[in-house]
Amino acid sequence: MTTTNFRFDIDGDGIALVTWDMPNRSMNVIDMTVIAELATIVEAVAGDAAVRGAVITSAKETFCAGADLAMLERMRGLYVDLATKQGEEAAAKAVFDESRKLSLLYRRIETCGKPWVCALNGTAMGGGFELALACHYRVAADSPKTRLGLPEIKVGLFPGAGGTQRVARMLPPSDALQFLLKGDALTVDRAKSMKLIDSVVAPADLIKAAKDWIKAGGKPVAPWDAPGFRLPGGAVYSKAGMMTFPAANAIYRRETYDNYPAARAILQTVYEGLQVPMDVALRVESRWFAKILRSPQAAAMIRSLFLSKQELDKGARRPAAAPPSRLGKIGIVGAGFMGAGIAQVSAAAGLQVVLIDRDQEAADRGKASVHKALSDRVNKGRMKSVERDGLLSLITPTADYAALADCDLVIEAVFEDRKVKADVFARIQEVLRADAILASNTSTLPISSLAAGLAEPARFIGIHFFSPVDRMLLVEIILGKQTGDKALAAALDYVRAIRKTPIVVNDSRGFYANRCVLNYIQEGHLMLLEGIPAAMIENSARMAGMPVGPLALNDETALDLGLKILRAAEADLGAGAVNPAQKKLLEDMVEGHGRLGRKNGKGFYDYPPGQPKRLWPGLADLVPKRLAREEIAAIDVEELKRRFLVVQAVEAARTFEERVVTDIREADVGSILGWGFAPFTGGTLSYIDMVGPASFVALCRSFEKKYGRRFAPPKLLVEMADKGETFYGRFAPGGKSQAA
Ligand code: NAD
């Protein structure tokens, strides 16, 4: 037997050791060659009387990263191709047959008559963990780094190789559904306590422990294939089952607003599968899987949240010629809300941090807030206190700029005030090394204008974090007119070091993310002024797929900041740049009623201590227009939902036309990671492709007529609609993905 992905050795006790080690890859993944070779191995084990059983493990640091998503993309391609050539039914059948292969292979392992043990030497995800579940026994090496899980839901899919059925037969249905719907990655201890794995041993004993189980007479029968098997939570049609499934349905609706077909398919697969024997259940799962694989949501999510994100993480926008940046020590000036967060994530990446503020006391306060944030984690059991202390020891708070002398990168995060920033830059420049990079975390001031007073603007760049810094995955990197490649490479290397995803944008007011987000918040304000009840505004935004309503989001970002941004836009661009009604609403809220947002417990919502927030009853009196009951009943919620998505997507298209964003992957990934733009759409531009540019332009025009110029489609979109083009058709990522 010759295999390229596996080694196959039989020891003196007749136990086969199958070692997965794909050539030229840092991690094992499941592709068609793996499926074919593993099938040959399974038959070799089953058909050789001298082999007692098999242990499967990996020679890599991890066990398996899951299915090769490129293979799944090809399956989708097969479907599209066959659907045009042979019709929908033949295409659907072909996808079903293809996507079943892995499921049938795993079932063959489970029923081949020889015991199989999975020796999990490291992380196993998706199809890799499903393989473990199909083995008769699972033993894991004890390692804090290992994660086990079925994360498919995060890219709009679900486990299609038996995972839903096996998990639902191992755990009570509510736990199983939660595990499948959240896509959580478990530590080995947690997986053991949930009984998803059988034992945890020292890494050196892993293979011996696996073989010992076979030698001790481990049975080659899965519990659900043994007579008398009972589901852990009782049958679907039992009292317990009826307590679970209707409630699960309600939770699904509350959490997803029915926007995620894969989540719905998990519920259906488990509900239907648990009522039939395993082989039929696997067929049910495969049917749903083939259907979901063909869904536009899965296509969009795989593309943006997996493929594009990975490309950006790996430095798709990094200038190839720039050597790797030296990033041992970084400086942060401004130890406030953002500066402390940046210090925390930098130290977490192992970087030395100098944290500067106006005086020692203020710098110490910055470090103390990192201490508090980390201690909260320690108290919740998510971090060990030694890790916290190690991390804190990397942060040096001081008021002495001389400490910046040996920093490779300095990030400024002082007040959003030109004068203050200019003073700080001057002081930094006095001590900064000649080859170090200077960055600003400004959220509104153009980078090129901040660079004006600098001796070397080529070494200056924007690194725009989102708050809260430790949780938000996106960083916007802003190129000033004179920013050089070395600065860009250093910024990208730094973002990679702190394990966040970068997008690179050209300098412009609001950059990319804030431009779209401000449109979203403004739409909420304007709806309120139209007399639409606040609760309806917030709910329809969430139904559209946004994580928080526009009014709640405004409370988080602060109403006074919103007003300040409007006034600045008015001062710089003239009165026509702002909507006077929106400005008046914010003035009434902030100056008339002292409502600043969550930070003072009073915004569009009230924040009573210890209780959930609730909409401020005074809002109704602030709004000039009141709708009658029948007018409210006649509001078209679908239209509200579309307005929210369209007003953001059309702004994203403008930023692309204006070349603020130059790569469609960045627009899409940035919109989901930056502000949670309806992830099932794949992002702002992907949403336009999903709707179809012609229909999208028609929608823009009808909204423009009803609601105003902010919906006017940019020329680029009109041209694409006329020519029948899409963003991903015309601006294919990876290559010439530029607007002009
Ligand atoms: P903050 O008020 O919490 O912190 C600013 C810090 O700068 C304070 O600790 C202050 O003492 C210090 N500071 C002021 N003048 C200084 C000086 N001359 N020398 C040294 N330190 C000085 O503000 P923040 O929210 O952390 O914002 C900081 C920057 O980050 C601003 O440019 C802001 O626009 C930007 N930003 C903020 C957010 C956000 O959500 N808050 C998001 C992205 C970017």
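Residues numbered from 1 in each chain as written. Predicted model: local features only at pLDDT ≥ 70, side-chain atom pairs only at ≥ 80, totals over all residues. Heavy atoms only, no water.

### Digging into the overall build of the protein chain
Inference 1: Scanning the protein chain from N- to C-terminus turns up 31 helices and 19 strands.
Inference 2: What you see for the protein chain is a C-alpha radius of gyration of 28 Å, in line with the 27 Å of a compact globule of 740 residues.
Inference 3: Viewed in the frame of its principal axes, the protein chain has a C-alpha envelope of about 85 × 65 × 55 Å.
Inference 4: Counting all 740 residues of the protein chain, 55% fall into the buried class.
Inference 5: For the protein chain, restricting intrachain contacts to residue pairs at least 6 apart in sequence, the fraction spanning at least 24 positions comes to 72%.
Inference 6: Total accessible area on the protein chain stands at roughly 31400 Å², and carbon and sulfur atoms take up 54% of it.
Inference 7: Here the protein chain carries 95 positive and 85 negative side-chain charges, and the mean point of each set is 2 Å from the other. (Helix = DSSP H or I, 4+ residues; strand = E, 2+ residues; numbered from the N terminus. Rg over C-alpha atoms; globule rule 2.2 N^0.38 Å. Buried < 20%, exposed > 50% of the residue type's maximum accessible area, 1.4 Å probe, protein only. Contact = heavy atoms within 4.5 Å. Areas by Shrake-Rupley, 256 points an atom, 1.4 Å probe, with all protein chains shown as cover. Lys, Arg positive; Asp, Glu negative; His and termini not counted. Charge placed at Lys NZ, Arg CZ, Asp CG, Glu CD.)

### As for unusual backbone geometry
Inference 1: The residue after S467, namely P468, is reached through a cis peptide bond having omega -5 degrees.
Inference 2: Positionally, P468 belongs in the loop between β15 (460-465) and β16 (474-479).
Inference 3: Although it is not a glycine, A558 sits at a positive phi angle of roughly 90 degrees.
Inference 4: Of the residues examined, A558 reaches a relative accessible area of 7% and is grouped as buried.

### Description of the pattern of salt bridges
Inference 1: Summed over all chains, the structure comprises 58 salt bridges.
Inference 2: Residues E88 and R294 are paired through a salt bridge, measuring 3.8 Å at the closest nitrogen-oxygen approach. In this pair, E88 is assigned in helix α3 (residues 88-111) and R294 in the loop between α11 (278-293) and α12 (296-313), connecting sequence segments 206 residues apart.
Inference 3: Taking relative accessible area as the criterion, R294 reaches 24% and is therefore assigned partly exposed.
Inference 4: A cluster of three or more residues bridged by salt bridges with shared partners is formed by R107, E110, R166, D225 and D279. (Salt bridge = Lys/Arg side-chain N within 4 Å of Asp/Glu carboxyl O.)

### What about the environment of P612?
Inference 1: Tracing the backbone shows P612 in the loop between β18 (605-606) and β19 (614-615).
Inference 2: Looking at P612, the relative accessible area reads 67%, which means it is exposed.
Inference 3: Each C-alpha atom of the pair P612 and K60 lies 47 Å from the other, and the pair is 552 residues apart in sequence.

### Quick word on the domain arrangement of the protein chain
By convention, interface size is frequently given as the accessible area that disappears when the constituent parts associate.
Inference 1: Here the protein chain is partitioned into domain 1 (6-294), domain 2 (329-510) and domain 3 (514-730).
Inference 2: Centre-to-centre separation of domain 2 and domain 3, based on C-alpha positions: 30 Å.
Inference 3: In total, domain 2 and domain 3 occlude about 1300 Å² of area from one another, counting both sides; carbon and sulfur atoms represent 55% of this.
Inference 4: Per-residue buried area on domain 2 facing domain 3 is highest for L474, N506 and R509; these three make up 36% of the total on that side. (Domains from an automatic or database assignment. Buried area = accessible area lost by both parts, 1.4 Å probe.)

### What to know about the sheet that holds strand β5 (residues 124-125)
Across a sheet, strands are paired by hydrogen bonds formed along the backbone, either parallel or antiparallel in direction.
Inference 1: Sheet architecture is open: three strands sit in the order β5-β7-β8, paired in mixed fashion. Each edge of the sheet is formed by a strand with only one pairing partner; in this case those strands are β5 and β8 (185-186). (Pairing = 2+ DSSP bridges.)

### Focus: the site of the ligand
Inference 1: Neighbouring residues of the ligand: 21 residues in total, closest M338, D357, E416, K421 and S443.
Inference 2: K421 has a polar side-chain atom sitting 2.7 Å from an oxygen atom of the ligand.
Inference 3: Note that an oxygen atom of the ligand is positioned 3.0 Å from one of the side-chain N or O atoms of N441.
Inference 4: Compared with its free state, where it exposes 830 Å², the ligand has 78% of that area covered by protein. (Near = heavy atom within 4 Å. Polar contact = N/O pair within 3.5 Å; in protein donor to acceptor, adjacent residues only side chain to side chain.)

### Observations regarding the state of the cysteines
Inference 1: For the structure on display, the rule yields zero disulfides.
Inference 2: Here C64 is not disulfide-linked; the sulfur of C118 is the nearest cysteine sulfur, at 9.5 Å.
Inference 3: Assessed through its relative accessible area of 0%, C64 is described here as buried.
Inference 4: C135 supplies the cysteine sulfur nearest to C112, a cysteine that is in no disulfide, at a spacing of 9.5 Å.
Inference 5: C112 gets classed as buried once you look at its relative accessible area, which sits at 10%. (Disulfide = S-S within 2.5 Å.)

### Let's talk about the pairing of strand β14 (residues 437-440)
Inference 1: Burial of the side chains of β14 extends over both faces: I437 and A439 are buried on one face and L438 and S440 on the other.
Inference 2: Where strand β13 (residues 409-412) meets β14, four bridges bridge the pair, whose relative direction is parallel. Looking across to β14, one finds that V410 is bridged to L438.
Inference 3: Running through helix α16 (residues 418-431), the crossover from β13 to the neighbouring parallel element β14 is right-handed.
Inference 4: With three bridges connecting them, β14 and β15 associate as parallel partners. Paired with A439 across the bridge in β15 is I461. (Right-handed = clockwise from strand over helix to strand, strands pointing away.)

### Structural notes on helix α4 (residues 127-134)
Inference 1: Counting buried positions along α4 yields eight of eight residues, so the element is predominantly enclosed.
Inference 2: All buried positions along α4 are accounted for by G127, G128, F129, E130, L131, A132, L133 and A134.

### Remarks on the pairing of strand β10 (residues 329-333)
On any regular strand, side chains alternate: one points to one face of the sheet, the next to the other face.
Inference 1: Counting buried residues along β10, four of its five residues qualify, which places the element largely inside the surrounding structure.
Inference 2: Of the pairings in the sheet, the one linking β10 to strand β11 (residues 352-356) comprises five bridges and is parallel in character. Within the sheet, the bridge partner assigned to V333 lies in β11 and is I356.
Inference 3: The β-α-β motif built from β10, the intervening helix α13 (residues 337-348) and the parallel element β11 has right-handed crossover chirality.

### Focus: the nonpolar core
Inference 1: I56, W116, F129, L157, L196, I428 and F727 are the most contacted members of the largest nonpolar core, which has 194 residues in total.
Inference 2: A343, M383, A413 and L488 belong to the second-largest nonpolar core, a separate cluster that totals 42 residues. (Core = buried A, V, L, I, M, F, W, Y, C linked by side-chain atoms within 4.5 Å.)

### Quick look at the packing of helix α1 (residues 32-47) against α3
Relative orientation and spacing of two packed helices are given, respectively, by the angle between their axes and the distance between those axes.
Inference 1: Across the interface, α1 lies against α3 with an axial gap of 10 Å and an inter-helix angle of 25 degrees. Relative to α3, α1 is oriented roughly parallel. In the crossing of α1 with α3, the sense of the turn from one axis to the other is left-handed. Two secondary-structure elements touch here, α1 through M32, I35, L38, A39, V42, E43 and A46 and α3 through E98, K101, L102, L105, R108 and I109.
Inference 2: Tallied by class, residues from the contact of α1 with α3 come to nine nonpolar, no polar and four charged. (Axes fitted to C-alpha atoms, helices over the stretch in contact; angles between N-to-C directions. Parallel < 35°, antiparallel > 145°, perpendicular 65-115°, else oblique. Left-handed = near helix turned anticlockwise from the far one by under 90°. Nonpolar A, V, L, I, M, F, W, Y, C, P; charged D, E, K, R; others polar.)

### Some remarks on the sheet that holds strand β6 (residues 137-141)
Inference 1: Spatial ordering of the open sheet is given by β1-β2-β3-β4-β6-β9, a layout of six strands whose pairing is mixed. The open sheet terminates on both sides in strands that have one partner only, identified here as β1 (6-10) and β9 (199-201). Neighbour-to-neighbour, the strand axes of this sheet turn through a mean angle of 20 degrees, independent of strand direction.
Inference 2: In this sheet, strand β4 (residues 116-120) lies alongside strand β3 (residues 53-58) in parallel orientation, the contact comprising three bridges.

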